[in-house]
Amino acid sequence: MAFFKKKKTDTPENPELVAYIAAHYKEPVQKESRKFSHSVSAKKRGARMESASMQARRDEAGAPSPVIENRRDKAEAQSAPMQVFENAMELQECDFEEACEPAFVGAAAKPAECFMANAAAGKTDKVPDFRQMLDESFSEMLLRKIDESGMTDSECYHRAGIDRKLFSKIRSDRNYRPSKPTAVAFAIALKLRPAETEELLRKAGFALSDSSLFDVIIRFFVEKGEYDVYKINEELFRYDQALLGA
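Caption draft 1: Quick peek at the overall build of the protein. The number of helices and strands found in the protein is 12 helices and zero strands. From first element to last, N terminus to C terminus, the protein shows the α and β order α-α-α-α-α-α-α-α-α-α-α-α. Split into buried and exposed, the 246 residues of the protein put 29% on the buried side. Taking all contacts inside the protein whose residues are at least 6 apart in sequence as the whole, residues at least 24 apart take part in 62%. When the accessible surface of the protein is summed, it comes to about 17,000 Å², and 55% of that surface belongs to carbon and sulfur atoms.

Caption draft 2: Structural view of the packing of helix H11 (residues 213-224) against helix H12 (residues 229-238). Here H11 crosses H12 at 150 degrees, and the two axes come no closer than 10 Å. Here H12 runs roughly antiparallel to H11, going by the angle between their axes. The way H11 lies across H12 gives a crossing that is right-handed. Residues Phe-214, Ile-217, Ile-218 and Phe-221 of H11 pack against Lys-231, Ile-232, Glu-235 and Leu-236 of H12. Looking at the contact of H11 with H12, its residues break down into six nonpolar, no polar and two charged.

Caption draft 3: Structural context of the packing of aromatic side chains. By the definition in use, this model includes four aromatic pairs. Geometrically, the ring pair formed by Phe-167 and Phe-186 is tilted, given 6.0 Å between the ring centres and 50 degrees between the ring planes. Of this pair, Phe-167 sits in helix H8 (residues 164-172) while Phe-186 is found in helix H9 (residues 180-189), placing the two residues 19 residues apart along the sequence. Every member of this aromatic cluster is reached through a ring pair, and the members are Tyr-20, Phe-220 and Phe-221.

Caption draft 4: Spotlight on the environment of Leu-201. Relative to the helices and strands, Leu-201 resides in helix H10 (residues 194-203). Considered as a pair, Leu-201 and Ala-187 are 14 residues apart in the sequence and their alpha carbons are 8.3 Å apart. Non-local contacts of Leu-201, meaning those with residues more than four positions away in its chain, are made with Ala-183, Val-184, Phe-206 and Leu-208.

Calculation criteria
Residues numbered from 1 in each chain as written. Predicted model: local features only at pLDDT ≥ 70, side-chain atom pairs only at ≥ 80, totals over all residues. Heavy atoms only, no water. Helix = DSSP H or I, 4+ residues; strand = E, 2+ residues; numbered from the N terminus. Buried < 20%, exposed > 50% of the residue type's maximum accessible area, 1.4 Å probe, protein only. Contact = heavy atoms within 4.5 Å. Areas by Shrake-Rupley, 256 points an atom, 1.4 Å probe, with all protein chains shown as cover. Axes fitted to C-alpha atoms, helices over the stretch in contact; angles between N-to-C directions. Parallel < 35°, antiparallel > 145°, perpendicular 65-115°, else oblique. Left-handed = near helix turned anticlockwise from the far one by under 90°. Nonpolar A, V, L, I, M, F, W, Y, C, P; charged D, E, K, R; others polar. Phe/Tyr/Trp six-rings, centres within 6.5 Å; stacked < 30°, edge-to-face > 60°.

Set out below in C-alpha cells:
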C-alpha cells in the first residue's frame, strides 16, 4: 500500500466507474431565497398581530378564549393515550405476577430475576447461556467463508493485504470489530457476491451506502465481479478515499 501513499497514479480514469458514480450522485436541494423567507416572516407577524387584536376584543366582551379551550382540548387528547398505556401496563403486571414466584410479586421484578427465581426453585434445568443465542459474528463468518473457499488462512489475509497479527486477533476473538476497510478487504479477498459482501459487513456493524463515495466505488467493483485489491485501491486513492488492507 506504500506505493499509493507516495504519489498519485498516472493511469487514466475508468469511464465505467465515473458513470457509475455519476448515476449515484444527487443534485443538492436548493434553499429558498432570503427575500421569500422575509415575506413569510412578515405574514406571520401580521397574523400574530391580528390574532392579538381579536383576543383583546374577546376579553372586553367577556367571551372565553379559544386559545385556552384549544389547550384544554389538547391536554385531554394527550392524556387519553397515556390512560390506555397505563391500563395495558396494569394488565401486563397482573400476567407477570401470576408467572413469577410469590417472593417477587409486587416487588417490580425484572424478567431475568423472575427466571433466576424459577431456576433456583427447580422449575428449569439450568440457566441458558444467552451468548449462544446470538447470531454468527464477523469472525465466525469470515473463518467459515475461508473454509468454504478452500483457501488457507495465510492465502486469505495476504490477498486482503492484512497483517498476520491483525488476522490472529480476529481469529482468536469472536467479538472482534474490524474497521470498515479491513472488513471490505476480506470480502474482496474471498470474492464474495454482493449479497454476501453486505452480510459480512453487517456482521461487523457496517453497510454499503449510496451517501459514501468509498461505498459506491466498492459496490461498483463487487457488482462487476472484479476482486483485484490493488486495482480497487488505485481508484480509491484517486478519489482520496481510505485504502483496503492494513
